[in-house]
Amino acid sequence: MRPASTESGESLAVRARGVTHTYGEAADDGPVLRDIDLDLEPGEIVILTGPSGSGKTTLLTLIGALRRLQQGELAVLGHALAGLDDERLVAVRRRIGFIFQSHNLFASLTARQNVRLGAELHRELLPDADRLASETLAAVGLGDKLDSKPGELSGGQRQRVAVARALVASPRLVLADEPTAALDRDSGRLVVDLLQRLGREHGTTTLLVTHDHRILDVADRIVSMVDGRIASDVRVAESVRICEFLARTELFRGQTPGALAEIAEQMQRLELAAGETVFEQGDAGDRFYLVRSGAVEVLTRHDGRQDGGEKVLARLGEGDVFGETALLTREPRNATVRVVEPCELLALGQEDFRTALDRSKTLGEELRDILSLRS
Amino acid sequence: MGLLPRTGSHFGSRTSLAWRNLVHRRWRTVAALAGVGFTILLLFMQIGFYDACVVSATRVHEMLEFDAVVVSTHYVFLLQPGSFPDGRLALARSAPGVASAEPLLVGRAPWRNAATGNFYDVLAIGVAPDHDLFRDPSRNGALERLSSPLHAVVDRAGKPILGPLEVGTRSELRDQRLEVVADFEHGTGFVANGTVLVNPATFRRVFPEAAGRTAHLGLISYHHGSDPERTLAEIARRLPEDVVALSRAQLERRDRRFYLSDRPLGLIFTSGVAMALGVGALVLFQILASDISHHLGEFATLKAIGYRTTALRLQVLEQGALFGLLGFVPAALLAALLYALTSRVAGLPLAMSPGRLLLVLGLTLAMCGASALLAIRRLERADPAELFP
Ligand SMILES: Nc1ncnc2c1ncn2[C@@H]1O[C@H](COP(=O)(O)OP(=O)(O)OP(=O)(O)O)[C@@H](O)[C@H]1O
Ligand SMILES: [Mg+2]
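Residues numbered from 1 in each chain as written. Chains lettered and ligands numbered in written order. Predicted model: local features only at pLDDT ≥ 70, side-chain atom pairs only at ≥ 80, totals over all residues. Heavy atoms only, no water.

**Digging into the environment of Ser147 of chain B**
All names here are of chain B.
Reasoning step 1: The topology assignment puts Ser147 in the loop between helix H5 (137-140) and strand E5 (151-155).
Reasoning step 2: What makes Ser147 exposed here is its relative accessible area of 52%.
Reasoning step 3: Residues Ser147 and Pro200 lie 53 residues apart in sequence; the distance between their C-alpha atoms is 9.4 Å.
Reasoning step 4: Setting aside chain neighbours within four positions, we find Ser147 in contact with Pro129 and Asn199.
Reasoning step 5: Here Glu144 takes part through its backbone oxygen, which lies 3.0 Å from a polar atom of the side chain of Ser147. (Helix = DSSP H or I, 4+ residues; strand = E, 2+ residues; numbered from the N terminus. Buried < 20%, exposed > 50% of the residue type's maximum accessible area, 1.4 Å probe, protein only. Contact = heavy atoms within 4.5 Å. Polar contact = N/O pair within 3.5 Å; in protein donor to acceptor, adjacent residues only side chain to side chain.)

**Examining the interface of chain A and chain B**
How big an interface is tends to be expressed through the accessible area that disappears when the partners come together.
Reasoning step 1: Between chain A and chain B, the contact holds 33 residues from the first and 30 residues from the second.
Reasoning step 2: Buried surface at the junction of chain A and chain B, summed over both partners, amounts to about 3,100 Å²; 60% is from carbon and sulfur atoms.
Reasoning step 3: Considering only the surface of chain A that becomes buried against chain B, Phe100, Phe106 and Leu126 of chain A emerge as the three largest contributors, covering 19% of it.
Reasoning step 4: On inspection of chain A and its partner chain B, the count reaches one salt bridge.
Reasoning step 5: Viewed at the interface, chain B and chain A are joined by nine residue pairs in polar contact (both at pLDDT 80 or more).
Reasoning step 6: Elements supplying a minimum of two residues to the side of chain A that touches chain B: helix H1 (56-63), helix H2 (86-93), strand E6 (96-99), helix H3 (111-120) and strand E7 (173-177) of chain A. (Buried area = accessible area lost by both parts, 1.4 Å probe. Salt bridge = Lys/Arg side-chain N within 4 Å of Asp/Glu carboxyl O.)

**With respect to a nonpolar patch on the surface**
Residue and element names in this part refer to chain B.
Reasoning step 1: A cluster of nonpolar residues, Trp19, Val23 and Leu326, forms a patch on the protein surface that exposes about 230 Å² of accessible area.
Reasoning step 2: Note that Val23 resides in helix H1 (residues 17-24).
Reasoning step 3: Residue classification places Val23 among the partly exposed residues on the basis of a relative accessible area of 30%. (Patch = residues over 30% accessible without salt bridge, like charges linked within 9 Å, V, L, I, M, F, W, Y side chains within 5 Å. Areas by Shrake-Rupley, 256 points an atom, 1.4 Å probe, with all protein chains shown as cover.)

**Some points on the nonpolar core**
Reasoning step 1: Ile63, Leu74, Val76 and Phe98 of chain A are the most contacted members of the largest nonpolar core, which has 86 residues in total.
Reasoning step 2: With ten residues, the single largest contributor to this core is helix H11 (residues 309-346) of chain B.
Reasoning step 3: In contact with Ile63 of chain A, other than residues within four places in its own chain, are Val14, Leu74, Val76, Leu81, Ile96, Leu173, Leu175 and Leu207 of chain A.
Reasoning step 4: If you look at the next biggest cluster of nonpolar residues, it comprises 37 residues, including Met63, Leu197, Leu246 and Leu260 of chain B. (Core = buried A, V, L, I, M, F, W, Y, C linked by side-chain atoms within 4.5 Å.)

**A word on the confidence of the model for chain A**
Reasoning step 1: Here chain A averages 86 in pLDDT, and 90% of its residues register 70 or above.
Reasoning step 2: The model gives residues 1-9 of chain A a pLDDT under 50, and that stretch makes 18 contacts with residues more than four places away or in other chains. (pLDDT = per-residue confidence, 0-100.)

Here it is, written out as structure tokens:
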């Protein structure tokens, strides 16, 4: 089945709206998932973290069509799961690769035969099942263990066989719960590299529950759950990029990565069209800006000419910052900033800006010195 | 055979989990097969003995030439026939279509083992030397030798405990000294250890109660081409109330019923078969169910990755069938061996037949199917939602 482009899923791999789940009849402790909204794009690797009992596994089993949806909307690979009959749920599951913490391999089957089971489900893959199984095992570094039975493999190797079984049919969506917990650094890396490659080459989406810090870098997003809710949803690559920009500025040079990440997280994204004004000369200064993309011009009015005779002081592009002076001096804006190319700005509020600077008094003082030198 | 039924148009075969599981846990499989095989062997033996009973019940009738019999209304079975005045046979002879009506005397008497001197019961038959008693005409010539009251014709197929039976053997039937003057080979079945044919006069000395002009069985042969039903009706019409005329089939049915229904023999075998099946099914159920319980995680995983429960059910059925088929082969071979041994030692007509093989195979597969269906319910416990920690 191809994912139908319906209003329920568009081209998203997963689209959850208001998903709420309660175990058992008596909801003593209330729902374990509350009003979850989550979109997963094709090809994305999303890491799901959060304290024990926060509902990560429950969310995974709902998305994997292993549990019945109780409340809310959930579309997986284009299929709205609510009200699907068992047969259809099975069809959805066939397009998902599951990686469980307990590998559950059949002791009686060789590694290759275990992996084959994942391919044999798909009629069109049956003729090539052996080749696919061998290739997938090679990709997880087990090319020399094709005919070994689970009893002859180490825990990590078994887990990699299970990973190969999940990936052998090139699923559109991979759901994994702590897949690298039993693996050493190198094996864990093999597995996540494979997931990354699948994402790039086949648009496979991965939702990964993990506490393994060694693999956080593969995440496009990190979603953290607390108490059945999504507490934060961070685009990791984007955050890294923003921190890099911030670190390059004189203002934040020398700040710790943690501090930078916190600032990045506090920044608000604004999208502006060409010709729009960010702020006018004389406005009260309330925000600090980073140009994420596009371009703006900094202008000043000529003294005495109220008709708008303007002088362009600077043209700012990706990675440039502006708006700090008014915040530091607590005076009105000394220039106007106008968009010249459609641009994306990240804005940090006055309070957050000050807090960030005050984190290191000396740093703040140093900056004021720098600024005084500038003027 | 595989997890899913194969559907024609593509290549590549699916992995047979059932088969792999059998091969993988060899010793468990051997133990299971021993259990299943033993059950199948029991089936073969029970059904074999039952069939032997059926055959034995009419084994003697088989060797006799007749289309119908006249017997006393007190007839119970061959060895408890009741008696009637042999004049009744003249009435039967007068019926149209009847070619001959000959009296026969039957009874159980001890025969002396010529080697050990011990006595064992045999079926004694008193027959006139000129009576063409045997269905197999080549045997009838020997009967002429019975004109001497000291002669006996014996069935070589008698049990070994009867001692030497070859021509020339001198022995005794109860207290009558006899010499074996001719023999044939047929078998007596359950009725007795062997068969000894003697002159009617000799018979009456052994069985004084049979004195006078009495007969136990009147063997009637029809003319060629006469209508059996009408002839039988004609005979019956001429006979008084103390005797009845029975067709060959009616007589055989009576004797069979005596062995298999009137006595608990049939019940014993039937319940034996049922018990063997029950125990076998229970053993197999235990094996299959524990196998499922041991692999719940694996089965749940298969469910999770998209195998239908039906496919998993089929694999349990397949495993049950495999146990059955693999247990069947050695059991059938062993049964054939035991049949040969039993028929040698006990003189029972036990032999393997294609029909028996098919019947036991059918029962085996039914038993395996039933156990698998019971065990399959455990699959419901495999919940893919419980797979994530
Ligand atoms: N089958 C179940 N029946 C009843 N309650 C359950 C069941 N599974 C989970 N829960 C409860 O639901 C809550 C969320 O559980 P869940 O397994 O989703 O958490 P988690 O985030 O995966 O935790 P962990 O990191 O420990 O795996 C917990 O309070 C747990 O006790
Ligand atoms: Mg969990």
